[in-house]
Amino acid sequence: MKLIHGIALAGGIALAAPALAAQTATASFVGANGEDHGSATLTQTPSGVLIKATLKGLPAGEKGFHIHGVGECTPPFTSAGGHFNPEGKHHGLMSPEGPHAGDMPNIHIGTSGELTVEVLNTFVTLEEGKPNSLIGGQGTALMIHAKHDDHASNPAGDAGARIACAVIR
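Bear in mind that the values here come from a model prediction, so they are computed numbers and not experimental data.

The rules behind these values
Chains are numbered independently. Their residues run from 1 in the order of the written sequence. With pLDDT at 70 or above as the cut-off, local features in this predicted model cover only qualifying residues; side-chain atom pairs require 80 or more to be listed or tallied, and sums for whole chains, interfaces and linings still use all residues. By convention in this description, side-chain values take in all heavy atoms of the structure and omit both hydrogens and water. Strands are runs of DSSP state E lasting at least two residues, helices are runs of H or I lasting at least four, and both sets are numbered from the N terminus onward. The buried label goes to any residue with under 20% of its type's maximum accessible area, the exposed label to any with over 50%, and the partly exposed label to all in between, with areas taken from a 1.4 Å probe on protein chains only. By definition in these notes, contact holds between two residues if any of their heavy atoms fall within 4.5 Å. For our purposes a nonpolar core is just a set of buried Ala, Val, Leu, Ile, Met, Phe, Trp, Tyr and Cys residues, chained together by side-chain atoms within 4.5 Å. Two strands qualify as a pair provided that DSSP identifies no fewer than 2 bridges between them.

A. Seen up close, the environment of A152. One can find A152 in the loop between strand 11 (141–145) and strand 12 (162–167). Take A152: its relative accessible area is 45%, and that puts it in the partly exposed class. Aside from chain neighbours lying at most four places away, what touches A152 is H91 and G92.

B. Summary view of the nonpolar core. Among the nonpolar cores identified, the biggest contains 29 residues, and F29, L42 and L142 are the most heavily contacted of them. For this core, the secondary-structure elements that each account for two or more residues are strand 4 (24–31), strand 5 (36–45), strand 6 (48–55), strand 8 (65–68), strand 9 (107–109), strand 10 (115–121), strand 11 and strand 12. No other element matches strand 6, which puts 4 residues into this core. Formed by 7 residues, the second largest nonpolar core is a distinct cluster that contains C73, A80, C165 and V167.

C. Representation of unusual backbone geometry within the structure. Going from P75 to P76, the amide bond is cis rather than trans, its omega being 5 degrees. Tracing the backbone through its elements, the reader meets P76 in the loop between strand 8 and strand 9. With an omega of 0 degrees, the peptide bond between G98 and P99 qualifies as cis. Relative to the helices and strands, P99 resides in the loop between strand 8 and strand 9. The residue F77 is not glycine, and still its phi comes out positive at about 75 degrees. Positionally, F77 belongs in the loop between strand 8 and strand 9. For F77, a relative accessible area of 0% translates into the label buried. The phi torsion at H151 lies on the positive side, around 65 degrees, for a residue other than glycine. Counting through the fold element by element, H151 comes out in the loop between strand 11 and strand 12.

D. Summary view of the pairing of strand 5. Relative to strand 5, strand 4 runs antiparallel, the two sharing 7 bridges. Paired with T24 across the bridge in strand 5 is T43. What sits between strand 4 and strand 5 in their antiparallel hairpin is a turn of 4 residues, with G34 showing a positive phi close to 85 degrees. Sheet topology note: the strand 5/strand 6 ladder contains 8 bridges and is antiparallel. From the neighbouring strand, S39 faces strand 6, where its bridge partner is T54. The turn linking strand 5 back onto strand 6 is made up of 2 residues.

This is the structure:
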């Protein structure tokens, strides 16, 4: 059997090659007192990493949501370092000299404290060995902040305290 551009030919019959499994990673959110705040699944797509987070037990309101540059979540979560920024850019989705690869849109937690959200980050990858990879090196972490990100202020958008952290594995 000869494989030609994803189509296998067997006895004159074309067979579709099995789809390759998407590369994935997971993360579990913890609060400052060790409480469970949900989880996330990260999936490599052709145009970036799709982050699907299911969150719970968080205060209502608009919150900064970022990827931080160190895969460590020891309260008060400063151990996770600053925003993931392999290209050394300025902070903010609205910055002409940015953004950091870890800058993402704010999330909006309802009064129930729960949220399921999907965010596509086109600045990062799960492919090991690439400078913008979330895998390898010191690792990376997802972070939820107490306040919203203003998408402009350096170095972190004035988003306030770090209230939930999840190491990407």
